[in-house]
Amino acid sequence: MSKVSTCLWFERDAEAAVSLYVSLVPESRIGHVQRAPGPWPGGEPGDVIMMTFVLGGQSFQALNGGVAADYGTAASISVSCTDQAEVDRLWDGLVANGGSEIQCGWLRDRWGVPWQIVPAILPRLLADPDPAVADRVFAAMQTMVRLDVTALERAAAGTP
């Protein structure tokens, strides 16, 4: 684990959330699982209280805090996807069982954690040296919920 990591707070579902996350994102794995040695405000002895994990090469922690967390929108987990198939696989996996779609590639998983699922081509198209290309791509992106690689490429090319 790196010296710095993001800690995600869960009421009691850290283990289920981490298992889902590492199953969806390549280059991910569960590290240490800390179980409670005795009773605690959020549970019983033997319950998971903290986990370390790597998600796409980035270090994270998951904490069972005993009460639900409100994540707001100030921070999110952003995943760069190689293609539409990866966008779709991650999107479907994260919104399943109670997640919600937001807009422009943003969603919340069933625990309320905000995610950005972004095709790798989007930042390249938005940085195109031709401002008209970037403008068309940006306008197209703003109409989308789940980002659509083909539609973004069509917008870049100026074709409907």
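For the structure, check the block above.
Scoring rules and cut-offs
- Residues numbered from 1 in each chain as written.
- Predicted model: local features only at pLDDT ≥ 70, side-chain atom pairs only at ≥ 80, totals over all residues.
- Heavy atoms only, no water.
- Axes fitted to C-alpha atoms, helices over the stretch in contact; angles between N-to-C directions.
- Helix = DSSP H or I, 4+ residues; strand = E, 2+ residues; numbered from the N terminus.
- Left-handed = near helix turned anticlockwise from the far one by under 90°.
- Contact = heavy atoms within 4.5 Å.
- Nonpolar A, V, L, I, M, F, W, Y, C, P; charged D, E, K, R; others polar.
- Salt bridge = Lys/Arg side-chain N within 4 Å of Asp/Glu carboxyl O.
- Buried < 20%, exposed > 50% of the residue type's maximum accessible area, 1.4 Å probe, protein only.
- Pairing = 2+ DSSP bridges.
- Arc of directions from axis to C-beta.
- Phe/Tyr/Trp six-rings, centres within 6.5 Å; stacked < 30°, edge-to-face > 60°.

## Remarks on the packing of helix α4 (residues 131-142) against helix α5 (residues 149-157)
Then, number 1: Two numbers describe how α4 lies on α5: the axes approach to 7 Å, and their chain directions differ by 145°. By crossing handedness, the relation of α4 to α5 is classed as right-handed. Contacts from V133, R136, V137, A140 and M141 of α4 reach α5 at L152, A155, A156 and A157.
Then, number 2: Across the contact of α4 with α5, the residue classes tally to eight nonpolar, no polar and one charged.

## Quick notes on the pattern of salt bridges
Then, number 1: Scanning all chains against the criterion turns up four salt bridges.
Then, number 2: A salt bridge links R12 to D47, with the shortest nitrogen-to-oxygen separation between them at 3.0 Å. On the criterion of sequence distance, the pair formed by R12 in the loop between β1 (6-10) and α1 (14-24) and D47 in the loop between β2 (29-35) and β3 (48-55) is long-range, its members being 35 residues apart.
Then, number 3: A relative accessible area of 44% means that R12 is categorised as partly exposed.
Then, number 4: Salt-bridge contacts for R146 lead to D92; the nearest nitrogen and oxygen are separated by 2.7 Å.

## Focus on the sheet that holds β1
Then, number 1: In spatial order, the strands read β1-β4-β3-β2; together these four strands make up an open sheet with mixed pairing. Both edges of this open sheet fall to β1 and β2, since each of them pairs with a single strand only. On average, adjacent strands in this sheet sit at an angle of 20° to one another, irrespective of strand direction.
Then, number 2: Across six bridges, β3 lies against strand β4 (residues 58-64) in antiparallel orientation. Within the sheet, the bridge partner assigned to M50 lies in β4 and is L63.
Then, number 3: α1 contacts β1, β2, β3 and β4 of the sheet and is inclined by roughly 10° relative to β3.

## Concerning the sheet that holds strand β5 (residues 77-81)
Then, number 1: Here we have four strands laid out as an open sheet, ordered β5-β8-β7-β6, and mixed in their pairing. Bordering the open sheet on either side are β5 and β6 (100-101), each of which pairs with just one other strand.
Then, number 2: The pairing of strand β7 (residues 106-108) with strand β8 (residues 114-119) spans three bridges and is antiparallel. Across the sheet, W106 pairs through a bridge with Q116, a residue of β8.

## A word on α1
Then, number 1: Taken residue by residue, α1 has A14, A17, V18, Y21, V22 and L24 as its buried positions. Each buried residue of α1 sits inside an arc of 165° when the element is viewed along its axis, so together they form one side.
Then, number 2: Those residues of α1 that are buried lie in contact with β1, β2, β3, β4, α2 (84-95) and β8.

## A short note on the packing of aromatic side chains
Then, number 1: Enumeration according to the criterion identifies five aromatic pairs in this entry.
Then, number 2: A centroid spacing of 6.0 Å and a plane angle of 90° characterise the contact between Y21 and W111, whose relative ring orientation is edge-to-face. With Y21 in helix α1 and W111 in the loop between β7 and β8, this residue pair connects regions lying 90 residues apart in the sequence.
Then, number 3: A residue is classified by how much of its surface remains accessible, and Y21, at 0% relative accessible area, is buried.
Then, number 4: Relative to W115, the ring of Y21 has its centre 5.0 Å away and its plane inclined at 70°; by these criteria the two rings are edge-to-face. Linking Y21 in helix α1 with W115 in strand β8, this pair joins segments that are 94 residues apart in sequence.

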